[in-house]
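# Structure at a glance
Single-letter residue listing:
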Amino acid sequence: MLKAVHLKEKVDYAIKVVENGDLTDEENLEALETEIKVLRQLSHPHIVQLKEVRDLTRARTPSPTP
């Protein structure tokens, strides 16, 4: 887990990073999708709340130049 600070909210967040290489196996991909689905439904003071899911694959790929 990584830690980040939201600059506007001044709140600390934990970040889970899943590398694309870990998702080549159908079982791993399905487990991640299930984890996301379950975390979206949970609301408990002692369980981390899922705030956002991002696919950073496209963000890391440079834009083609015209």
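For the structure given in this document, a descriptive report is provided here. Predicted, not measured: the structure shown is a model, and the values here were computed from it.

Conventions and cut-offs
Residues numbered from 1 in each chain as written. Predicted model: local features only at pLDDT ≥ 70, side-chain atom pairs only at ≥ 80, totals over all residues. Heavy atoms only, no water. Helix = DSSP H or I, 4+ residues; strand = E, 2+ residues; numbered from the N terminus. Buried < 20%, exposed > 50% of the residue type's maximum accessible area, 1.4 Å probe, protein only. Areas by Shrake-Rupley, 256 points an atom, 1.4 Å probe, with all protein chains shown as cover. Expected span 1.5 Å × (residues − 1). Polar contact = N/O pair within 3.5 Å; in protein donor to acceptor, adjacent residues only side chain to side chain. Salt bridge = Lys/Arg side-chain N within 4 Å of Asp/Glu carboxyl O. Pairing = 2+ DSSP bridges.

Scanning the protein from terminus to terminus reveals two helices and two strands. For the protein, the residues scored as buried account for 3% of the 66 residues in total. A total accessible area of about 6,500 Å² is found for the protein, and carbon and sulfur atoms account for 54% of it.

All right, on to helix H1 (residues 26-41) then. A rise of 1.5 Å per residue sets the reference length of H1, with its 16 residues, at 22 Å; its end C-alpha atoms lie 23 Å apart and thus fit the reference within 8%. Taking the backbone nitrogen of glutamate 27 as reference, a side-chain oxygen 2.9 Å away marks aspartate 25 as the first, capping residue of H1.

This part takes up the pattern of salt bridges. Applying the stated criterion to the full structure yields three salt bridges. Put simply, glutamate 35 and lysine 16 hold a salt bridge, and the shortest N to O gap is 2.9 Å. Here glutamate 35, found in helix H1, pairs with lysine 16, found in the loop between strand S2 (11-15) and H1; they are 19 residues apart in sequence, far enough to count as distant. A residue is classified by how much of its surface remains accessible, and glutamate 35, at 30% relative accessible area, is partly exposed. For lysine 16, a relative accessible area of 45% gives the class partly exposed. Close ionic contact of glutamate 52 with arginine 54 constitutes a salt bridge, the shortest N to O distance being 2.3 Å. Owing to a relative accessible area of 64%, arginine 54 belongs among the exposed residues under this scheme.

Below, the discussion takes up the pairing of strand S1 (residues 2-6). Across five bridges, S1 lies against S2 in antiparallel orientation. Each residue of the ladder has a partner; that of leucine 2, found in S2, is isoleucine 15. The antiparallel hairpin formed by S1 and S2 contains four residues in its connecting segment, where lysine 10 sits at a positive phi of about 55 degrees.

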